[in-house]
Amino acid sequence: MAILHLSLPSSSLLNSSIDLYSTALISPKRLLHFSSNQHIRDASLQFPSYGSNRGFRISDKWRIGVSFFASFLDRSSEIESLKQQLLDAIAPLDRGADATPEDQQLVDQIASKLEAKNKVKEPLKSNLLNGKWELLYTTSKSVIQSERPKILRPNGKIYQAINLDTLRAQNIETWPFFNQATANLVPLNQRRVAVKFDSFKIAGVIPIQARGSGRGQLEITYLDEELRISRGNQGNLFVLGMVDPFYRVPV
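Residues numbered from 1 in each chain as written. Predicted model: local features only at pLDDT ≥ 70, side-chain atom pairs only at ≥ 80, totals over all residues. Heavy atoms only, no water.

Engineer: I keep staring at the overall build of the chain and nothing clicks. Help me out?
Structural biologist: The helix and strand inventory of the chain stands at three helices and 13 strands. Looking at the 251 residues of the chain, the share that counts as buried comes to 45%. Approximately 13,600 Å² of the chain is accessible, and the part contributed by carbon and sulfur atoms is 56%. (Helix = DSSP H or I, 4+ residues; strand = E, 2+ residues; numbered from the N terminus. Buried < 20%, exposed > 50% of the residue type's maximum accessible area, 1.4 Å probe, protein only. Areas by Shrake-Rupley, 256 points an atom, 1.4 Å probe, with all protein chains shown as cover.)

Set out below in structure tokens:
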């Protein structure tokens, strides 16, 4: 998913505009490589087949297995390469606050390539969605307050937590505002949710009940155990990284 956002004047989480936004560093994964000097013996070793006079070629079975495995590794390698490209592109952009239109276009292009290779076709049925995610990048100005002076922006980390079993979500700002917002999630299909905000906390301690005060939608377009990409109903892009898969949102 992506972070659910509602900003009040004192914070990017509590505002008159609503954004629902959808990693921790991506840890590189080991890839297996076959040496060009290694060969699978294609001998004419055959075993008699039972109930048939046809022989069973061991080499044919190995060819099929190795071809599938190599194809799987190629796809995984390409996904990992795209994830690293995305992280490299957003690293100097202060979560998107310093992004130029050219930067935004590049990030969007890389994100689109990852979205095309998304393996989790029904993210709202996947446990990979559960836990606390850190916002790494967004094009939403209301979330990162990019039009404010830097000292008045949320300079600490911003998180979103999601629990599918309770259909609850929580936005958490850290330094300097420490605001929070919680919401109910309503699945619209297996990729898109509607959000209904019901409570807020100013400075993390002052509760404000605002049941039904804000609504938005979010589509989860890429999901794995490390990275999440989402598109908001206002066209904004959100990139988040997993930090705590066991975090629970208050009910």
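Engineer: Looking at this structure, I do not really get the packing of aromatic side chains. What am I missing?
Structural biologist: How two aromatic rings sit relative to each other is given by the distance of their centres and the angle of their planes. Counted by the stated rule, this structure contains two aromatic pairs. Ring geometry for Trp 175 versus Phe 178: centroids 6.3 Å apart, planes at 75 degrees, classification edge-to-face. Considering the side-chain rings of Phe 197 and Phe 200, the 5.9 Å spacing of their centres and the 20 degrees angle between planes classify their relative orientation as stacked. With respect to burial, Phe 197 and Phe 200 carry one shared label: buried. For Lys 132, the ring lying beneath its charged end belongs to Tyr 159, and the centroid distance is 4.9 Å. Its end group placed over the ring of Trp 133, Arg 228 keeps NZ or CZ at 4.5 Å from the ring centre. (Phe/Tyr/Trp six-rings, centres within 6.5 Å; stacked < 30°, edge-to-face > 60°. Lys NZ or Arg CZ within 6 Å of the ring centre and 35° of its normal.)

Engineer: What am I meant to see in the environment of Arg 75 here?
Structural biologist: Among the secondary structure elements, Arg 75 is positioned in helix H1 (residues 58-90). Note: C-alpha distance between Arg 75 and Lys 117 (42 residues apart in sequence) is 8.6 Å.

Engineer: For this particular structure, what's the right way to read the pairing of strand S8 (residues 180-187)?
Structural biologist: Consecutive side chains of a regular strand alternate in pointing toward one face of the sheet and then the other. Two elements, strand S7 (residues 168-173) and S8, share five bridges in a ladder whose sense is antiparallel. By the bridge assignment, Arg 168 is partnered in S8 with Asn 184. If you look at the hairpin formed by S7 and S8, you'll find six residues sitting between the two strands, and Phe 178 has a positive phi there, around 60 degrees. Relative to strand S9 (residues 192-202), S8 runs antiparallel, the two being bridged by eight bridges. If you follow Thr 182 over to S9, its bridge partner there is Ser 199. Taking the residues that link successive antiparallel strands as the turn, the S8-S9 hairpin has four residues. (Pairing = 2+ DSSP bridges.)

Engineer: Would you mind showing me how to read the nonpolar core here?
Structural biologist: Considering soluble globular proteins, one finds that nonpolar side chains tend to be buried as a cluster. With 25 residues, the main nonpolar core has Leu 124, Leu 129, Leu 135, Ile 162, Phe 197 and Leu 223 as its most contacted residues. Going through the elements one at a time, strand S5 (131-138), helix H3 (141-144), strand S6 (158-163), S8, S9, strand S11 (215-223) and strand S13 (237-244) are the ones with two or more residues in this core. Residue contributions to this core peak at four residues, all from S9. Ile 90, Ala 111, Tyr 137 and Leu 227 belong to the second largest nonpolar core, which has 19 residues in total. (Core = buried A, V, L, I, M, F, W, Y, C linked by side-chain atoms within 4.5 Å.)

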